Amino acid sequence: MEGTVITTGDFRPDLDHLEPQIPKNPDALAEAMDNDPGGDGTGRHFPDLYARLSAQEPPEYASNLWGRACSAYDYLHADPADE
């Protein structure tokens, strides 16, 4: 992503870290949404999952994959009484 600067360093297991790659399977991505520290919608915890996916994949593919993952997420969290 143009203008993005990422500083890297040696891996230190005692510190929190993000996996470098976002899953490209919609179901796995939907599960990752539950554990996304940046997913609170405030932007305080950049980069959130969508920003990381957008940096990893071409925009059209990332948008399509995100939409499919959101559908999978909704299905995983649907209330059976709604059916």
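It should be emphasised that the depicted structure is a prediction, and the values quoted were computed from it without experimental measurement.

(A) Main features of the overall build of the protein. Counting its secondary structure elements, the protein contains three helices and zero strands. Secondary structure of the protein in N-to-C order comes out as α-α-α. By residue count, 20% of the 83 residues in the protein fall in the buried class. Taking contacts inside the protein between residues at least 6 apart in sequence as the whole, the part at least 24 apart equals 66%. Of the roughly 6600 Å² of accessible surface on the protein, 52% is carried by carbon and sulfur atoms.

(B) Structural view of the packing of aromatic side chains. Throughout the structure, instances matching the rule amount to one aromatic pair. When the centroid spacing of 5.0 Å and the interplanar angle of 70° are considered together, the rings of Y50 and W66 count as edge-to-face. Of the two residues, Y50 sits in helix 2 (residues 49–56) while W66 sits in helix 3 (residues 59–76), which places them 16 residues apart along the sequence. Residue classification places Y50 among the partly exposed residues on the basis of a relative accessible area of 34%.

(C) Helix 2, seen in detail. Within the sequence span of helix 2, burial applies to L49, A51, R52, L53 and S54. Where the residues of helix 2 are buried, they touch helix 1 (26–33) and helix 3.

(D) The arrangement of the pattern of salt bridges in detail. Tallying each qualifying case throughout the model produces two salt bridges. Notably, a salt bridge pairs K24 with E57, separated by 3.6 Å at the nearest N-O pair. Taken as a pair, K24 in the segment before helix 1 and E57 in the loop between helix 2 and helix 3 lie far apart in primary sequence, 33 residues in all. The exposure class of K24 is partly exposed, given its relative accessible area of 46%.

(E) Expanded view of the confidence of the model for the protein. Scored by pLDDT, the protein has a mean of 83; 86% of the residues are at 70 or more. Here helix 2 is the element of the protein with the lowest mean pLDDT, 89, and helix 3 is the one with the highest, 94.

(F) Local environment of the nonpolar core. Counting eight residues, the largest nonpolar core is built from I22, L29, M33, L49, L53, A62, L65 and A69. Elements represented by at least two residues in this core include exactly helix 1, helix 2 and helix 3. Of the residues forming this core, the biggest block, three residues, is contributed by helix 3. With residues up to four places along the chain from it excluded, the contact list for L53 reads I22, L29, A62, L65 and W66.

(G) Region of the structure containing the environment of A51. Here A51 shows up in helix 2. Taking the C-alpha atoms as reference points, A51 and A62, separated by 11 residues in sequence, lie 9.6 Å from one another.

What counts as what
- Residues numbered from 1 in each chain as written.
- Predicted model: local features only at pLDDT ≥ 70, side-chain atom pairs only at ≥ 80, totals over all residues.
- Heavy atoms only, no water.
- Helix = DSSP H or I, 4+ residues; strand = E, 2+ residues; numbered from the N terminus.
- Buried < 20%, exposed > 50% of the residue type's maximum accessible area, 1.4 Å probe, protein only.
- Contact = heavy atoms within 4.5 Å.
- Areas by Shrake-Rupley, 256 points an atom, 1.4 Å probe, with all protein chains shown as cover.
- Phe/Tyr/Trp six-rings, centres within 6.5 Å; stacked < 30°, edge-to-face > 60°.
- Salt bridge = Lys/Arg side-chain N within 4 Å of Asp/Glu carboxyl O.
- pLDDT = per-residue confidence, 0-100.
- Core = buried A, V, L, I, M, F, W, Y, C linked by side-chain atoms within 4.5 Å.

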